[in-house]
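Here is how the chains run, residue by residue.
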Amino acid sequence: MDIRQAEIADLERLQKVGMDTFRHYFAALWQNAAELQQFLDNDFSEEALQQGLIDPEQHWLLATEEETPTGFAKVHYNQPLPDSQAQGAMLCKLYLQPAAKSRGLGTALFARAEQQAVVRQQAWLWLTVLKSNTAAIGFYKRQGMSIHGPIDYVTPTQTTELWVMKKNIL
């Protein structure tokens, strides 16, 4: 297993693993196929990924095994922690291919994201997670995170309940 900072040359690999894993884990939660596609286009379009990969406030990590992408993480620095005066590194994404789960890759990606946030002197590492995703909540608690509070992700046709989780890292 190799984890490294993603580069522009990884754009197509990130796009594929991002769309594939998101669809696998979350497509059934979307009530409107057009909204799902709009979300995927916003997050994983060539333009969005290119902007993210060159943005000094973002850090993309790509995990591979034998040159095959198995997962990735995206961290966005200096983001305000909801319902707080604090800010820190937001772990926007930590996605694994289904076959890569339960083998320590998620823990390794999380640890690398946390390490990079510490290097960037971020006081907090925080994220949002589906309230219904008890496996992910348990995983993040094992990484030392706690629930900060609720937040909703709202689209024109639905509202999805999330938890904000946080960890003080400085």
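To be clear, the structure that these remarks concern was listed above.
Note on numbering: residues in each chain are counted from 1, in written sequence order. Local features in this predicted model are restricted to residues of pLDDT 70 or higher, and side-chain atom pairs are both shown and tallied only at a pLDDT of 80 or more, whereas totals for entire chains, interfaces and linings draw on every residue. Heavy atoms from the whole structure form the basis of all side-chain values; hydrogens and water molecules are not counted.

J.: Would you mind going over the overall build of the protein chain with me for this structure?
T.: Helix numbering and strand numbering both begin at the N terminus, where a helix is a DSSP run of H or I of at least 4 residues and a strand a DSSP run of E of at least 2. Regarding its fold elements, the protein chain presents five helices and seven strands. If you list the helices and strands of the protein chain from N to C, you get β-α-α-α-β-β-β-α-β-α-β-β. Taken over the C-alpha trace, the protein chain has a radius of gyration of 15 Å; the compact-globule value for 170 residues is 15 Å, and the two agree within 12%. C-alpha atoms of the protein chain, sized along the principal axes, occupy 40 × 35 × 30 Å. For the protein chain, the proportion of its 170 residues judged to be buried stands at 45%. We call two residues contacting when some pair of their heavy atoms lies within 4.5 Å. Across the protein chain, the fraction of contacts at a sequence separation of at least 24, relative to all contacts at a separation of at least 6, is 61%. What sets the accessible areas is the Shrake-Rupley method with a 1.4 Å probe; for residues, cover comes only from the shown protein chains. Within the structure as shown, the protein chain displays about 8900 Å² of accessible surface, and the carbon and sulfur contribution to it stands at 48%. Under the convention used here, Asp and Glu are negative, Lys and Arg are positive, and both His and the chain ends fall outside the count. We put the charge of a Lys on NZ, of an Arg on CZ, of an Asp on CG and of a Glu on CD. On the protein chain, the mean spot of the 15 positive side-chain charges and the mean spot of the 19 negative ones are 8 Å from each other. Radius of gyration: over C-alpha atoms. The globule rule applied is 2.2 Å multiplied by the number of residues raised to the 0.38 power. Whether a residue is buried, partly exposed or exposed follows from its accessible area with a 1.4 Å probe, protein chains only, as a fraction of its type maximum: under 20%, in between, or over 50%, in that order.

J.: What is the right way to look at the pairing of strand S6 (residues 146-154) in this model?
T.: Look at any regular strand and the pattern is simple: side chains alternate between the two faces of the sheet. Note on pairing: DSSP must find at least two bridges between two strands before they are called paired. In this structure, S6 lies alongside strand S7 (residues 159-168), joined through eight bridges in antiparallel fashion. Its bridge partner lying in S7, Pro150 is registered against Trp163. Remark: four residues form the turn of the hairpin made by S6 and S7, two consecutive strands paired antiparallel.

J.: What should I look at first to understand helix H3 (residues 46-54) in this one?
T.: Regarding H3, the residues found buried are Leu49, Gly52 and Leu53. Seen end-on, H3 carries its buried residues on one side only, within an arc spanning 95 degrees. Across H3 from its buried face, at more than 90 degrees, point the exposed residues Glu47 and Ile54. The inward-facing, buried residues of H3 abut helix H1 (11-26), helix H2 (33-44) and strand S2 (58-65). The directions considered for the arc run from the helix axis to the C-beta atoms.

J.: It is not clear to me how the layout of surface pockets should be interpreted in this structure. Could you clarify?
T.: One way to see where empty space is left: roll a probe the size of a water molecule over the atoms. Think of a 1 Å grid over just the protein atoms. A cavity is a set of points where a 1.4 Å probe fits yet cannot get out, a pocket is an open set with protein on both sides within 12 Å along at least five of seven lines, and lining residues have an atom within 4 Å of a point. Grid points are joined across faces, edges and corners, and a volume is the space filled by probe spheres set on the points. Here the largest pocket defines a volume of roughly 1200 Å³. What lines the largest pocket is a set of 40 residues, and nearest its centre among them are Phe26, Leu94, Tyr95, Asn133 and Tyr140. Residue contributions to the lining of the largest pocket peak at seven residues, all from strand S4 (residues 87-96). Gly is placed with the polar residues, together with every amino acid not listed as nonpolar (Ala, Val, Leu, Ile, Met, Phe, Trp, Tyr, Cys and Pro) or charged (Asp, Glu, Lys and Arg). Counted by class, the lining of the largest pocket contains 23 nonpolar, 11 polar and six charged residues.

J.: Would you mind going over the sheet that holds S4 with me for this structure?
T.: Strand pairs in the sheet, formed through backbone hydrogen bonds, run parallel or antiparallel to each other. One open sheet holds the seven strands; their spatial order is S1-S2-S3-S4-S5-S7-S6, and the pairing between them is mixed. The open sheet has two edge strands, strand S1 (2-5) and S6, and neither has a second partner. Strand-to-strand twist across the sheet, computed as the mean angle between neighbouring axes with direction ignored, equals 25 degrees. In this sheet, strand S3 (residues 68-80) lies alongside S2 in antiparallel orientation, the contact comprising eight bridges. Across the sheet, residue Ala63 finds its bridge partner in S3, namely Gly71. Each axis is a line fitted through C-alpha atoms, and for a helix only the stretch in contact is used; angles between axes span 0 to 180 degrees, taken between their N-to-C directions.

J.: Can you help me understand H1 in this one?
T.: Each α-helix winds once per 3.6 residues, and so residues spaced three or four apart point in a common direction. An expected span of 1.5 Å times one less than the residue number is assigned to each helix. Across its 16 residues, H1 extends 22 Å between first and last C-alpha, which sits within 8% of the 22 Å expected from 1.5 Å per residue. Against H2, H3, S2, S3, S4 and strand S5 (124-130) lie the buried residues of H1.

J.: Honestly, the packing of H2 against H3 in this entry has me stumped. Any pointers?
T.: How two helices pack is summed up by the angle between their axes together with the distance between the axes. It is the contact of H2 with H3, at a shortest axis distance of 5 Å, that shows an interaxial angle of 35 degrees. Contacts from Asn42, Asp43 and Phe44 of H2 reach H3 at Glu46, Ala48 and Leu49. In terms of residue class, the contact of H2 with H3 is made up of three nonpolar, one polar and two charged.

J.: Can you help me understand the side chain of Lys74 in this one?
T.: Positionally, Lys74 belongs in strand S3. Once residues lying within four places of it in the same chain are set aside, the contact partners of Lys74 are Gln58, His59, Trp60, Met90, Leu91, Cys92 and Lys93.

J.: Explanation requested: the packing of aromatic side chains in the structure shown.
T.: The geometry of two aromatic rings is summed up by the distance between their centres and the angle between their planes. Geometry of aromatic contacts follows a simple scheme: Phe, Tyr and Trp rings, the Trp one being its six-membered ring, pair when their centres are within 6.5 Å, and the pair is stacked under 30 degrees between planes, edge-to-face over 60, tilted otherwise. Taken as a whole and assessed by the stated rule, the structure comprises 15 aromatic pairs. Pairing Phe72 with Tyr95 gives two aromatic rings, centres 5.4 Å apart and planes at 80 degrees, and the pair type is edge-to-face. With Phe72 in strand S3 and Tyr95 in strand S4, the pair connects residues that are 23 residues apart, well separated along the chain. Comparing Phe72 with Tyr95, the two get one shared label, buried. One residue, Lys131, lies across the ring of Trp163, its end atom 4.4 Å from the ring centre. Consider the ring centre and the ring normal. A charge sits over the ring if Lys NZ or Arg CZ is within 6 Å of that centre and within 35 degrees of that normal.

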